[in-house]
Amino acid sequence: MIQKDFLPNQYTDLPEEGKVTWKAPSNIALVKYWGKRKNQIPANPSISFTLDACATTTKVIYSKKKDVSQFSFDLLLDGKPKEDFKPKIEVFFERILDYLPFLKSYHFKIETSNSFPHSSGIASSASGMAALSLCLMDIERQLDAGMDQDLFNRKASFLARLGSGSACRSIEGGIIQWGGHSGVSGSSDLFGIQYPYEVNAVFKNFHDTILLVHKGEKQVSSTVGHDLMHNHPYAENRFKQAYANLDKLKTVFSEGNLEGFIEIVESEALTLHAMMMTSMPYFILMKPETLEIINKIWSFRKETKVPICFTLDAGANVHVLYPESVKEKAIQFIQNELVAHCENGHYICDRIGSGAKKL
Ligand code: DP6
């Protein structure tokens with residue numbers, strides 16, 4: 001599919017009003033998206049587990065308006081107006097207007113809430129942009145009854161990507177790849193797809209316990225970090241490495257090779273942070289506690305042979321990944337040794353989920 005496939009047919013009757021609610025999950029990347037080109041095109045493909053517990057629920061109430069010259073919307077987070085989110089939504093609407101021309105015909109009341117606490121250091125942009133895109137797609141589906149589920153999901157992912165890159169991996173469940181790769185059939189820079197190859201059962205019930213090391217605002221946003229990959233001395237090799245890691249993951253997934261998985265996932269996390277430390281200006285998002293946790297995971301794995309590993313997103317929090325078969329041992333280890341490094345002892349138990357749901 002190419003960009004113009006997402007332009008809609010001519011609408012005839014716009015409904016006067018309505019409302020729609022979607023819940024979309026967050027996701028955790030295994031191979032990381034870090035660096036992008038114009039129009040939210042990723043510099044390299046990425047792959048993620050769709051999560052379950054960490055999610056955003058968004059209700060969109062829409063009513064037709066007379067003045068179609070500009071956007072009109074109210075935004076509420078947990079029932080309270082959230083003015084500082086509005087510019088981001090305005091930019092998002094501007095970017096997607098060609099694909100959803102009804103946007104200026106309605107006033108929208110957008111009510112959103114996250115399952116995870118605000119200042120948890122967990123980004124809500126992936127789940128938030130995915131939930132909003134799904135609500136808008138649902139409105140479009142009412143205008144185009146012939147739309148099939150595949151197109152619905154792809155366009156929702158395509159729109160979400162224009163809001164925040166990683167959001168395009170928060171529509172469907174399981175393992176999602178975003179970014180064209182000649183070795184992965186159907187993959188595209190424009191939207192995420194469910195991983196199309198064999199995946200051993202060991203990777204189907206993975207857990208992700210998120211250790212909340214630092215709940216404050218990050219000093220450097222992802223958007224700024226992506227930008228610093230332009231003219232970065234190691235960028236080209238890093239992008240090549242991501243392609244190569246996706247190649248390697250193919251056999252790792254099909255063979256259920258946990259050792260191979262751990263090697264790729266931990267290397268990806270550390271490379272992401274290495275890119276931050278070697279950009280100009282340089283920055284560090286990990287905290288001392290992040291490193292304490294990583295070292296404890298390495299020691300525990302060496303001593304016990306339990307296949308537990310970590311990944312990081314663009315922050316200090318640590319995602320601890322492990323298969324269902326070692327759940328008890330992993331949780332005990334986390335509680336006994338790692339929780340002490342979390343801010344106020346806070347952590348979130350999450351796992352692979354089945355994708356966004358209409359409520
Ligand atoms: C480190 O998707 O938040 O989590 O497209 O600018 O909104 P924007 O960036 P965003 O970047 C996510 C970066 C990451 C890696 C990943 O999720 O692949």
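All values derive from a computational prediction rather than experimental measurement.

Calculation notes
Residues numbered from 1 in each chain as written. Predicted model: local features only at pLDDT ≥ 70, side-chain atom pairs only at ≥ 80, totals over all residues. Heavy atoms only, no water. 1 Å grid on protein atoms, 1.4 Å probe; cavity = no way out; pocket = protein on both sides within 12 Å on 5 of 7 lines; lining within 4 Å. Points joined across faces, edges and corners; volume = space filled by probe spheres on them. Helix = DSSP H or I, 4+ residues; strand = E, 2+ residues; numbered from the N terminus. Nonpolar A, V, L, I, M, F, W, Y, C, P; charged D, E, K, R; others polar. Contact = heavy atoms within 4.5 Å. Core = buried A, V, L, I, M, F, W, Y, C linked by side-chain atoms within 4.5 Å. Buried < 20%, exposed > 50% of the residue type's maximum accessible area, 1.4 Å probe, protein only. Polar contact = N/O pair within 3.5 Å; in protein donor to acceptor, adjacent residues only side chain to side chain.

Student: Quick question: what am I supposed to make of empty space enclosed by the protein here?
Tutor: The gaps of empty space that remain are located by a probe, the size of a water molecule, rolled over the atoms. Tallied over the entire structure, the rule returns one cavity of 30 Å³ or more. When its volume is computed, the largest cavity comes out at roughly 50 Å³. Lining the largest cavity, in full, are Asn153, Arg154, Ser157, Cys168, Ile171, Glu172, Ile176 and Gly192. Counting residues per element, the lining of the largest cavity draws most heavily on helix H3 (residues 149-163), at three residues. For the lining of the largest cavity, the class distribution of residues is three nonpolar, three polar and two charged.

Student: How should the environment of Val184 be read in this particular structure?
Tutor: As for its placement among the helices and strands, Val184 is situated in the loop between strand S8 (175-178) and strand S9 (192-194). Separated by 80 residues in the primary sequence, Val184 and Ile264 have C-alpha atoms spaced 17 Å apart. When neighbours within four sequence positions are excluded, Val184 is seen to be in contact with Gln177, Ile193, Pro196 and Tyr197.

Student: What is the right way to read the nonpolar core from this model?
Tutor: Buried together is how nonpolar side chains tend to be arranged in soluble globular proteins. In this structure, Phe93, Ile96, Phe102, Leu103, Phe108, Ile110 and Leu136 are the most contacted members of the largest nonpolar core, which totals 48 residues. When residues of this core are traced back to their parent elements, those giving at least two are strand S1 (17-31), strand S4 (46-64), strand S5 (72-77), helix H1 (86-96), strand S7 (106-114), helix H2 (125-143) and H3. A per-element tally of this core places H2 first, with 11 residues. Excluding its chain neighbours within four sequence positions, the residues that come into contact with Leu103 are Phe71, Phe93, Ile96, Leu97, Phe108 and Leu136. Among the nonpolar cores identified, the runner-up in size contains 31 residues, and Val31, Cys54, Ile264 and Val265 belong to it.

Student: Got a minute to help me understand unusual backbone geometry in this structure?
Tutor: Glycine aside, a negative phi is what most residues show, and trans is what most peptide bonds show. Residue Pro281 is bonded to the preceding Met280 through a cis peptide linkage, with omega at 0°. Considering the arrangement of structural elements, one finds Pro281 in the loop between helix H6 (258-277) and helix H7 (288-304). Even without a glycine there, the phi angle at Asn39 is positive, about 60°. In this fold, Asn39 is placed in the loop between strand S2 (36-37) and strand S3 (41-42). Here the phi dihedral of Lys305 falls at roughly 65°; this positive angle occurs in a residue that is not glycine. Note that Lys305 resides in the loop between H7 and strand S11 (309-312). The exposure class of Lys305 is exposed, given its relative accessible area of 66%.

Student: Would you take a moment to explain the environment of Glu140 for this structure?
Tutor: Relative to the helices and strands, Glu140 resides in helix H2. Look at Glu140 and you get buried, because its relative accessible area is 2%. Residues Glu140 and Ser188, spaced 48 residues apart in sequence, show a C-alpha to C-alpha distance of 23 Å. With residues up to four places along the chain from it excluded, the contact list for Glu140 reads Pro8, Tyr11, Tyr99, Leu100, Phe102, Met147 and Lys155. In terms of polar contacts, Glu140 uses its side chain to reach the side chain of Lys155, at 2.7 Å.

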